Amino acid sequence: MSKVNYALRRTGQLVLTIWAIATMLFAMFRMMPGDPTVFLVDEQMDPDQRQALIEQYGLDAPLHEQYIEFMIQIVTLDLGLSFHSRRPVRDVIAIYLPNTLILMLTALVLAYIFGVTFGVIAAWARGSGREKLLVVLALVQRSFPSFWVGLVVLWIFGAYMDVIPMSGMTSREHRPESFFMMITSIDFLWHLIAPASVLAFYSMGYPLLLMRNNMLEVLTEDFIDVCRAKGLSERKVMFKHAARNALLPVVTAGAVAVGYAVGGSVLIETVFGWPGIGREMVNAVLRRDYPVAQGTFILLASTVVFMNFFADLLYSWLDPRVTYD
Amino acid sequence: MGNGNTQLDRRSFLKRTSAAAGAASIAATAGCLGGENGGDSDIDYDDEEDAGEPFPEYTFYNNPQDYNPQRHDLINLIAEQWQEVGFDVEVEVLEWATLLSRVSDEYEFDFAAWSQYQSPDPAENVADRWSPEHAEEPGRGNYNQYQNDRVGELIDEQLAAEEMEGRVDAFHEIQDILAEDAPFSPVCYETQLIPYRTDELDGWVEHPAGPDRIHQYANVEPMDQNEDGYLRGFWTEALENLNSWSHEGLSKHLHIQDAIQLRVAQVDADLELDPEHGLAQDIERPDETTIRFEIRDDVEWSDGEPLTPDDVAFTYNTIAEQEPSTYTTVSNYVEGASVDGDWVEVDLSQEIGRAALLLIGYEVYVAAEHVWEGTDPVQDELVEEPVCSGPMEVDYWDVGQGIELETRDDHPIDLAVDGLFWEIIPESSTIWSYTEDGTINYHPFAQPGLELQDGEEEIDDFEVFEAPGDGWTHLNINTTSEGLDEVAVRQALVHALPKEAASEQLFYGYMPVAHSYVAPAFGPLHREHEDLPFTGEGTIAAAASHLQENGYVVTEDGVYYSE
């Protein structure tokens, strides 16, 4: 199978997957206990007006009509209005998603820089105490719940030492006029450092272990012996030749990690008061705000699916030996 | 604390319930209420041969434990008390929205319990809850399905009464009837609490409309430590729309509106017209279906346009024509409005007496005609930059992070504080750290609990301002369920309510026990019922005895109708 055919087949699978996710989401939200109209309307509201409001949001329509409407919304990327704020869901996503992306990408970059480096070092020092220390560190990182680490960090560095802010993305005194001015300010970096570090701490374990294992495998291959026979330094063998070849699965895993990371920020965003899409998604579910909850879920699921798709294509581009039969 | 077999303090209750962390421990705890103090042994059981049909099983709907742990424990405690008496009561957990829908929309329940508020006046609430016709149509508010024609007459009387005295008489009789018939029972009044830093703020005042309203903003003064002169608080989730036409169900939204928009008529702590803090300087009643407001002429909108009587008339006419959901009650009563010089005349659809000041005047925020003209429906607009009539205006608003209001220098209502700021802080320990270091200086919507009590003890220069509450935690009884349709049975159930222990358990000693439908915050409208023979002392034996006196049979196996 050619690369083009492979890409087309994967595209078809991608569309089917998103359709299946959307259908499951639609069914799931309607099977959930709880009536969204309770949050829409006042307890003491006149029944006629309550009904008018319900009709306005199409909640009285038969399920199949609601389903068709929902699918049209997804195809047209018009996800409706929030029950809660009456804001278009697109706007809600536009408000919160950039905040999450900045946090997650910062954390992932940190996690992969340190994780990959430590992975190489661990493989390089195989059998030594240094390797054991790094492997234990990776396991600890993956084992400690990120919200718990976040609370400990807040308690020590925020409440006790008062060197990091306890909540939010900016200080009250710092009111940037634009998003760009905000993210380029020292105040923003000061707020970013703690949640990004906690997330990076959690995310670092996976690339560390993956890199170590790949390195150990690559180090057994013949070309490593050739490199050494050429008289290259051990550092150059490790970082320039072995690491480069071992990096392939880590890169593709990184692409998938980006997808998961967008949705994996819920707890950290809550602990650190970070106004991201994860925190908003939880609030939307609690409020039975179907449009926002569905919209954010679809976004997060699509991100994972797209990043998987992207990783597959990336893999074929990075490693020409990969075949598609 | 109560007496007899209700000797249970909060800490020991919590210790016991949290130690086992489950229904079994709750049952054990509730059992102690009877057992230790002779609850069961005090019951003088009837002979089983006198027993007729048994009472049916009852379901007590409740939230999941994680929604409100204290209330969860309390409801299990109440259910156990009733089981001690001999009723077969099962507690069933429902997600909150389902619970609310099941009870208030569908009227499908035996028992339920939650909190409710009546701000700023019980007139609207009493009409919704107890009108006999509302019992027949699910969703209208009378979910206890309580039918009493005399209460229906009194509701109309209090609405039409021109003088306070008439309202007082009607309200007292309503409360007497409700207390006697026991379709529900208030457990404890929910005191209004404002925890604040005493080195930064002073001057809190009592008002039945609650904290964080214009009366607080107008009276609270920043102290020496408060360098920016701000009220600095927090909220746990984002505020997402500043539309004054659509604030239903969003208390934080309502409170922000109260700072940035003027109500047509403001009321003081005695529920009289308050010309100092409101838009209406005077009020007239030419007849029972007309109310006239004299509009002050010294207010400008924050965009520089003058606020005129035309704006007020436009607001009422829009309410009458579009019936936005926030103004449901007002639109039921208002036909339309017109301008007569400085006066706005509102035509009403039915006779309304003194309550019109609250139902028609206080309920409504005046809207700017030059901003809203031609908008239909007004309630669907997303408002990010509101044009303000109130003493504060929006200085900064980030949906995800917080809101900051700045006091307007040119506004006729003078505020001592320079502004208000709320940060979104979802994590509670962060709130207390911020309180301790002075980042925030008050808690706008304090929930009483262990954190509040401990915070008060641990943080220097920190106090809790308490004012009478306008609501209560209440137990609801469906008066159409078999057995519960009989007054003596409901009275016995109330008899067995451990209200003292419940108040301690739920609100950590901050809330007094409640006996009346109208909370003490409403002054003369409130009536205590401490002399009732079934005040809710949690006395199991007395509850059983009450049943026996009224012809029911109480055996060791349960409660029965007589042969």
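Per chain, residues are indexed from 1 in the order of the written sequence. Think of it this way: whatever chain is written first is A, whatever ligand is written first is 1, and the rest follow in order. Under the rules for a predicted model, residues below a pLDDT of 70 receive no local features and side-chain atom pairs below 80 are neither given nor counted, while totals for whole chains, interfaces and linings still include all residues. Heavy atoms throughout the structure, all of them, feed into the side-chain values; hydrogens and water do not.

1. Notes on the overall build of chain A
Point 1. Think of it this way: any DSSP run of H or I at least four residues long counts as a helix, any run of E at least two long counts as a strand, and we number them from the N terminus. Regarding its fold elements, chain A presents 14 helices and zero strands.
Point 2. Mapped in sequence order, the helices and strands of chain A form the string α-α-α-α-α-α-α-α-α-α-α-α-α-α.
Point 3. Residue exposure (1.4 Å probe, protein chains only): buried if accessible area is under 20% of the type maximum, exposed if over 50%, otherwise partly exposed. Buried residues in chain A amount to 50% of all 325 residues.
Point 4. The contact rule is simple, with two residues in contact once any of their heavy atoms fall within 4.5 Å. Summarising the internal contacts of chain A: among those between residues at least 6 apart in sequence, 73% fall at separations of at least 24.
Point 5. Computed with the Shrake-Rupley method and a 1.4 Å probe, the accessible areas treat only the protein chains shown as cover for residues. Of the roughly 15900 Å² that chain A leaves accessible, carbon and sulfur atoms contribute 67%.

2. A few points about the sheet that holds strand β10 (residues 280-287) of chain B
All names here are of chain B.
Point 1. Two strands are said to pair when DSSP picks up at least two bridges between them. One open sheet holds the four strands; their spatial order is β10-β11-β13-β12, and the pairing between them is antiparallel. In this open sheet, the two strands that pair with only one neighbour each are β10 and β12 (334-340). Averaged over all pairs of adjacent strands, the angle between their axes in this sheet comes to 20 degrees, without regard to strand direction.
Point 2. Here strand β11 (residues 290-295) runs beside strand β13 (residues 343-348); their pairing, made up of five bridges, is antiparallel. From the neighbouring strand, E294 faces β13, where its bridge partner is W343.
Point 3. Structural elements are reduced to axes, namely lines fitted to C-alpha atoms, with helices fitted over the stretch in contact, and the angle between N-to-C directions of any two is expressed from 0 to 180 degrees. With respect to the sheet, helix α12 (residues 309-322) is in contact with β11, β12 and β13, its orientation differing from that of β12 by roughly 165 degrees.

3. What to know about the confidence of the model for chain B
Low-pLDDT stretches of the model should not have their predicted coordinates read in fine detail.
Point 1. This prediction gives chain B a mean pLDDT of 85; 91% of its residues lie at or above 70.
Point 2. Every residue in residues 1-41 of chain B is under pLDDT 50, and counting partners more than four places away or in other chains gives 66 contacts. Along the chain, pLDDT gives the predictor's confidence residue by residue, from 0 to 100.

4. Some details on the UniProt feature "transmembrane region" (unreviewed entry) in chain A
Point 1. UniProt positions are given in the numbering used here, feature names are shortened, and annotations may be inferred rather than shown by experiment. Mapped onto this numbering, the UniProt entry annotates "transmembrane region" (unreviewed entry) at residues 12-32, 101-125, 146-168, 188-209, 246-272 and 292-311 of chain A.
Point 2. Summarising residues 146-168 of chain A: 65% helix, 0% strand, and an end-to-end C-alpha distance of 18 Å.

5. Let's talk about the sheet that holds strand β9 (residues 230-235) of chain B
Residues and elements named next belong to chain B.
Point 1. Strand order across the open sheet formed by four strands is β9-β16-β15-β14, with mixed pairing between neighbours. The open sheet has two edge strands, β9 and β14 (392-398), and neither has a second partner. Strand-to-strand, the axes of this sheet are offset by a mean angle of 15 degrees, without reference to chain direction.

6. Let's talk about helix α5 (residues 89-124) of chain A
Point 1. Under the convention used throughout, the expected extent of a helix is 1.5 Å for every residue step, that is, one less than its residue count. Its 36 residues give α5 of chain A an end-to-end C-alpha distance of 50 Å, which sits within 8% of 52 Å, the value for a rise of 1.5 Å per residue.
Point 2. What we call the bend at a residue is the angle made by axes fitted to the seven residues finishing there and the seven residues starting there. Of all the bends in α5 of chain A, the greatest reaches close to 30 degrees and is centred on Y96 of chain A; the proline P98 of chain A follows between one and four positions later.

7. Things to note about a positive patch on the surface
Point 1. Note that patches include only residues with greater than 30% relative accessible area and no salt bridge, and the join distances are 9 Å for like charges and 5 Å for nonpolar side chains (Val, Leu, Ile, Met, Phe, Trp, Tyr). Whenever a carboxyl oxygen of Asp or Glu lies within 4 Å of a side-chain nitrogen of Lys or Arg, that contact is scored as a salt bridge. In this tally, Asp and Glu contribute negative charge and Lys and Arg positive charge; neither His nor the terminal groups of the chain are included. Charge coordinates come from a single atom per side chain, which is NZ of Lys, CZ of Arg, CG of Asp or CD of Glu. A cluster of basic residues, K230, K236, K240 and R244 of chain A, forms a positive patch at the surface.
Point 2. Looking at the element boundaries, K240 of chain A is found in helix α11 (residues 234-263).

8. Comments concerning the packing of helix α1 (residues 3-31) of chain A against helix α4 (residues 63-75) of chain A
Two measures define how a pair of helices packs: the angle their axes make with one another and the distance between the axes.
Residue and element names in this part refer to chain A.
Point 1. Running from N to C, α1 and α4 point in directions that differ by 135 degrees, and their axes come no closer than 11 Å. Here α1 is positioned oblique relative to α4, judged by the angle of their axes. The handedness of the crossing between α1 and α4 comes out as right-handed. Residues W19, A22, T23, F26 and R30 of α1 touch α4, and the partners they reach there are L63, Q66, Y67, F70, M71 and I74.
Point 2. Its residues assigned to classes, the contact of α1 with α4 comprises eight nonpolar, two polar and one charged. Angular relationships are summarised with four words: roughly parallel below 35 degrees, roughly antiparallel beyond 145, roughly perpendicular across 65 to 115, and oblique for the angles in between. Should the near helix be turned counterclockwise from the far one by less than a right angle, the crossing is left-handed, whereas a clockwise turn marks it as right-handed. Polar here means any residue outside two lists: the nonpolar Ala, Val, Leu, Ile, Met, Phe, Trp, Tyr, Cys and Pro, and the charged Asp, Glu, Lys and Arg; Gly therefore counts as polar.

9. Considering the side chain of N99 of chain A
All names here are of chain A.
Point 1. Of note, N99 is situated in helix α5.
Point 2. Given the relative accessible area of 5%, N99 is considered buried.
Point 3. Pairs of N or O atoms within 3.5 Å make up the polar contacts considered here, provided that, within protein, one atom can donate a hydrogen while the other can accept it, and that residues adjacent in sequence are counted only when both atoms are side-chain atoms. Looking at N99, its side chain comes within polar contact range of the main-chain oxygen of I95, at 3.4 Å.
Point 4. Polar side-chain contacts of N99 include one of 2.8 Å to the backbone oxygen of P275.
Point 5. Setting aside residues up to four positions removed in sequence, N99 forms contacts with M169, F179, M182, W274, P275 and G276.

10. Quick look at the packing of aromatic side chains
Point 1. Aromatic pairs are defined between Phe, Tyr and Trp rings, using the six-membered ring for Trp, whenever the two ring centres lie within 6.5 Å; interplanar angles under 30 degrees are classed as stacked, those over 60 as edge-to-face, and all others as tilted. Following the criterion strictly, the structure yields 28 aromatic pairs over all chains and no others.
Point 2. Taking 6.0 Å as the distance between ring centres and 85 degrees as the angle between the ring planes, the aromatic pair formed by W124 of chain A and F239 of chain A counts as edge-to-face. Residue W124 of chain A is found in helix α5, and its partner F239 of chain A is found in helix α11; the two are separated by 115 residues along the sequence.
Point 3. Given the relative accessible area of 35%, F239 of chain A is considered partly exposed.
Point 4. Plain terms: the ring middles of W472 of chain B and Y517 of chain B are 5.2 Å apart, the flat faces sit at 50 degrees to each other, and that makes the pair tilted. Taken together, the positions of W472 of chain B in strand β18 (residues 471-477) and Y517 of chain B in the loop between α19 (499-507) and α20 (540-549) put the pair 45 residues apart, joining distant regions of the chain. Taken individually, W472 of chain B and Y517 of chain B each receive the classification buried, so the pair is uniform in this respect.
Point 5. As a reminder, the over-ring test applies to NZ of lysine and CZ of arginine, requiring each to be within 6 Å of the ring centre and within 35 degrees of the ring normal. The ring of Y230 of chain B carries R172 of chain A above its face, with NZ or CZ at 4.3 Å from the centroid.
Point 6. Of note, R129 of chain B hangs over the ring of W130 of chain B, and the distance from its end group to the ring centre comes to 4.6 Å.

11. Quick word on the interface of chain B and chain A
Point 1. Tallying the contact residues gives 52 residues for chain B and 42 residues for chain A.
Point 2. Surface buried jointly by chain B and chain A totals about 3900 Å² across both partners, of which 46% is contributed by carbon and sulfur atoms.
Point 3. The tally of links from chain B across to chain A stands at four salt bridges.
Point 4. Across the chain B-chain A interface, the total number found is eight residue pairs in polar contact (both at pLDDT 80 or more).
Point 5. Of all the secondary structure elements, the ones that give two or more residues to the side of chain B that touches chain A are α5 (96-105), β4 (111-117), α6 (122-130), β9, α13 (328-333), β14, β16 (419-424) and α16 (428-437) of chain B.
Point 6. Per-element tally for the side of chain B that touches chain A: the top contributor is α5 of chain B, with seven residues.
Point 7. In terms of residue class, the side of chain B that touches chain A is made up of 17 nonpolar, 18 polar and 17 charged. Throughout, buried area stands for the accessible area (probe radius 1.4 Å) lost by two parts on being put together, summed over both.

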